[in-house]
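Here is how the chains run, residue by residue.
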Amino acid sequence: EVAPDNREIHRALVRFLVSRDRPADAEAEMRVMADASPDDVDLALDVVRFISDTRGTAASRKELERLVAAKPQVTVYRLSLAQLDFAEKKTDAAIAAVNAIIAKGEPKEDVHKAQLLLAAMQIDLGKNDAAKKIVDAVLEADGKNADGLAMRAKLKLDADDADGAVSDLREALGQKPKQVQLIAMLAKAHERQGAIDLAAERYAEAVRVSNFDPRITLEAIASLNQRNRRELAENLLTEAVAARPDDRRFLLALGDAKLNRQDWAGAQD
């Protein structure tokens, strides 16, 4: 009430409501943020993702269709709907929808987003050569496109070119230095190089930048443990528990870490 425009307070309230198993109230709070900034696409898509997690894909599809109907000029909503179609094995419909956006030819930013989504679909279909042609076309038109560089890095990793992937990811991070997925990808690329210390640093950075997102955090912890960086993994878990004390996954993982080094009292706590 005192600071209605402070999104971090709204987000803290959402996390609190989720931790108290009140998803409907959490969704309502997310909608308050989205409605206050109707032109913020990211906030609207946060609502879609939350609905998908709590009420399923059928409900999230309805929300996306509502957004597309309300703002047909926002290409990202139509691309998100195509992604959902593709995930539900409606492959032809998804590719046709993306190609329709590409065929318009403008605005260029939207076309590049559509091309990269099409490339991602081709990768999922096992057509890496077709994906590479699309990505190369995007980067030929816009050599600084961070998403294009990230996708080319993924293709290079698939082809065991870890050095090339690291180069592309560093270039991409120059454009988007706080994008968690790029940092996590760079950590994996360093692992492939055998640069374990660099990989550990990047994993720790990804965890903290993500504000201890459970998926990112637990994936990083697993990798750090595999690479015998158990002390760093436990320190990160301790930070995660402090940031999200009600997340049972973090508590269980921290307890497991303490068991592994025979800290029986710490594990019991």
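Our subject is the structure listed above.
It should be emphasised that the depicted structure is a prediction, and the values quoted were computed from it without experimental measurement.

Enquirer: I would appreciate a short explanation of the pattern of salt bridges in the present structure.
Expert: If the charged atoms of two oppositely charged side chains come close together, the side chains can form a pair. This structure, assessed with the given rule, holds 32 salt bridges. A salt bridge links aspartate 85 to arginine 61; the nearest nitrogen and oxygen atoms lie 2.7 Å apart. Taken together, the positions of aspartate 85 in helix 5 (residues 75-87) and arginine 61 in helix 4 (residues 57-70) put the pair 24 residues apart, joining distant regions of the chain. Accessibility classification places aspartate 85 together with arginine 61 in one group, the buried group. Several salt bridges converge on common partners, so that one network encompasses Glu27, Arg31, Arg55, Glu63 and Arg66.

Enquirer: Even after reading the chapter, I still don't get the layout of surface pockets, so can you show me in this structure?
Expert: Rolling a probe over the atoms, with the probe sized like a water molecule, indicates the empty space that remains. Of the voids in this model, the second largest pocket is the one considered here, and its volume is about 210 Å³. Contributing to the lining of the second largest pocket are 14 residues, with Ala34, Asp35, Ala44, Arg66 and Leu67 lying nearest its centre. In terms of residue count, the dominant contributor to the lining of the second largest pocket is helix 4 (4 residues). Considering only residue class, the lining of the second largest pocket consists of 7 nonpolar, 1 polar and 6 charged.

Enquirer: Quick question: what am I supposed to make of the packing of helix 9 (residues 146-158) against helix 11 (residues 180-193) here?
Expert: For any two helices packed against each other, one specifies the inter-axial angle together with the distance between the axes. Their axes nearest at 11 Å, the elements helix 9 and helix 11 cross at an angle of 25°. With respect to helix 11, the element helix 9 is oriented roughly parallel. Note that helix 9 runs across helix 11; the crossing there is left-handed. Between helix 9 and helix 11, the residues in contact are Ala150, Ala153, Lys154 and Leu157 and Leu182, Met185, Ala189 and Arg192, respectively. Residue classes in the contact of helix 9 with helix 11 are distributed as 6 nonpolar, no polar and 2 charged.

Enquirer: How should I be thinking about the environment of isoleucine 183 in this particular structure?
Expert: Secondary-structure assignment places isoleucine 183 in helix 11. On the accessibility criterion, isoleucine 183 (0% relative accessible area) is buried. For the pair isoleucine 183 and arginine 170, spaced 13 residues apart in sequence, the C-alpha separation works out to 8.9 Å. Leave out the neighbours within four places in its chain, and isoleucine 183 touches Leu173, Pro177, Lys178, Arg202, Glu205, Ala206 and Val209.

Definitions and cut-offs
Residues numbered from 1 in each chain as written. Predicted model: local features only at pLDDT ≥ 70, side-chain atom pairs only at ≥ 80, totals over all residues. Heavy atoms only, no water. Salt bridge = Lys/Arg side-chain N within 4 Å of Asp/Glu carboxyl O. Helix = DSSP H or I, 4+ residues; strand = E, 2+ residues; numbered from the N terminus. Buried < 20%, exposed > 50% of the residue type's maximum accessible area, 1.4 Å probe, protein only. 1 Å grid on protein atoms, 1.4 Å probe; cavity = no way out; pocket = protein on both sides within 12 Å on 5 of 7 lines; lining within 4 Å. Points joined across faces, edges and corners; volume = space filled by probe spheres on them. Nonpolar A, V, L, I, M, F, W, Y, C, P; charged D, E, K, R; others polar. Axes fitted to C-alpha atoms, helices over the stretch in contact; angles between N-to-C directions. Parallel < 35°, antiparallel > 145°, perpendicular 65-115°, else oblique. Left-handed = near helix turned anticlockwise from the far one by under 90°. Contact = heavy atoms within 4.5 Å.

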